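# Coordinate analysis (summary)
This is what each chain is made of:
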Amino acid sequence: MEEVELVIIGAGPAGLFATFCAGLRAIKSVTLEGLETYGGQMHELYPEKKVYDIQGIPKMVSSELAKKMYEQATMFNPKIVFNSDVTDIIPTEGGRFILEVNGEQAYESKAVLICAGVGYFTPNKLNVEGEGTYADKGVYYKVKSIADFKDDRVIIVGGGDSAFDYALQIEPVVKSVIIAQHNGILKAAESSITAAKEKPKIRVMLNTEIKKIFGNGEKVNKVDILDNVSKTSSYLDVDSVIVAIGHKANPNIFKSITFESVNERYIKVDTNYKTNIDGIYAAGDIADVSNEPKFALLAVGGAEAYVAINNIKKYLSPQSSLNGEHSSNLNL
Ligand SMILES: Cc1cc2nc3c(=O)[nH]c(=O)nc-3n(C[C@H](O)[C@H](O)[C@H](O)COP(=O)(O)OP(=O)(O)OC[C@H]3O[C@@H](n4cnc5c(N)ncnc54)[C@H](O)[C@@H]3O)c2cc1C
């Protein structure tokens, strides 16, 4: 079994920045990613979208930004291993942790930083008739490629950022797009709602639920929708249904340890990004300090990873300073 000081779980944005920061603080780490590549949600859920809210980077396509994050993460030649699903964290009597990878004990570590985000992106489903039959034949849970929706009549289920982002993203190529929201409350950013209202091809239908999805055996062609206020049903001809109602996130996926959680969704951490278990920290979309809404953002996850790594350094080497030196002192 390989011995390391720190295992970082996940090579999404938070895990990648944590990997870089571990290098900055000369921590012997390994980063384990269950998928075959890096980038997390940026790669899996919105590779073609542009991101505008990273300090100092006015605009960059998500997949390009993920590439830059990986380049930064590998500056100190860390070990990053893909196809490595961390299946358990087993505490030892000596206060260390055995990391089980793909079902086998693979690493012994003094500390662990969990940057597992929303796991492996298991989307919440509508659970209506036709959804399973037409999965990938008109029913989708993300926009992997805008071109897939060319000339389609699309209905997007949801009222949050993902629903509005997807609508704005595919709007230039589709025939029409309806955003169907079930309880009249839109949670997306105001700027996205305003932008969507300005596009003639986008229509927002509040208090609307899909009850059934129909098709011709090969592809979706119709949905049955219910108006939740008038309680009337009607049919809509559509070519694609995008379900954008979030992902299943589970803070307790490791059988040998139990984390305190926030709303059974996030791993609860203190302001040092430490969990209730000494030696285990969490950062990014999976971690939350309080019961307040979480700012699930790239820059926030990066800052959390920075704070976590510096506290981990102190945990590993109590004589070291909490803050490392400024990176501008380096000459790389
Ligand atoms: C459509 C959309 C648009 C967005 N737009 C923006 C934006 O414009 N600006 C912005 O700041 N944020 C945006 N976000 C949010 C941003 O992408 C997330 O905040 C960010 O990806 C969180 O990073 P993370 O590393 O915490 O988690 P994730 O990106 O979820 O990465 C977690 C990684 O951990 C891996 N993993 C999980 N479990 C295990 C395990 N047991 N073992 C090994 N590996 C594991 C996963 O495979 C994944 O690669 C957007 C999100 C979506 C869905």
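In the block above lies the structure referred to throughout.
We now turn to the structure provided with this report. As the structure is a computational prediction, the values presented were derived from the model and not from experiment.

### Comments concerning the overall build of the chain
A tally of helices and strands in the chain yields six helices and 20 strands. Against the 2.2 N^0.38 benchmark of 20 Å for 332 residues, the chain shows a C-alpha radius of gyration of 22 Å, consistent with a compact globule. Dimensions of the chain, computed from C-alpha atoms along their principal axes, come out at roughly 70 × 40 × 35 Å. Across the 332 residues that make up the chain, the buried fraction comes to 48%. Considering only contacts in the chain between residues 6 or more positions apart, those separated by 24 or more positions represent 59%. Counting only carbon and sulfur atoms, one obtains 49% of the accessible surface of the chain, whose full area is about 16,300 Å². The chain carries 35 positive and 42 negative side-chain charges, and their two centres are separated by 4 Å.

### Focus on the sheet that holds strand S18 (residues 266-268)
Reading across the sheet, the three strands line up as S17-S18-S20 and stay open at both edges, with mixed pairing between neighbours. The sheet is open, and its two borders are formed by strand S17 (261-262) and strand S20 (287-288), each paired with just one other strand. Looking at chain direction, S18 and S20 are connected through two bridges and run parallel. From the neighbouring strand, lysine 268 faces S20, where its bridge partner is aspartate 288.

### Focus on helix H1 (residues 13-24)
Taking 1.5 Å as the rise per residue, H1 with twelve residues should run 16 Å; its terminal C-alpha atoms sit 17 Å apart, in good agreement. With ten of twelve residues buried, H1 lies mostly within the body of the structure. All of the buried residues in H1 are Pro13, Ala14, Gly15, Leu16, Ala18, Thr19, Phe20, Cys21, Ala22 and Gly23. Phi turns positive one or two residues past the end of H1, at alanine 26, with a value near 55°.

Criteria and cut-off values
- Residues numbered from 1 in each chain as written.
- Predicted model: local features only at pLDDT ≥ 70, side-chain atom pairs only at ≥ 80, totals over all residues.
- Heavy atoms only, no water.
- Helix = DSSP H or I, 4+ residues; strand = E, 2+ residues; numbered from the N terminus.
- Rg over C-alpha atoms; globule rule 2.2 N^0.38 Å.
- Buried < 20%, exposed > 50% of the residue type's maximum accessible area, 1.4 Å probe, protein only.
- Contact = heavy atoms within 4.5 Å.
- Areas by Shrake-Rupley, 256 points an atom, 1.4 Å probe, with all protein chains shown as cover.
- Lys, Arg positive; Asp, Glu negative; His and termini not counted.
- Charge placed at Lys NZ, Arg CZ, Asp CG, Glu CD.
- Pairing = 2+ DSSP bridges.
- Expected span 1.5 Å × (residues − 1).

Nothing here speaks to function; it is all geometry.
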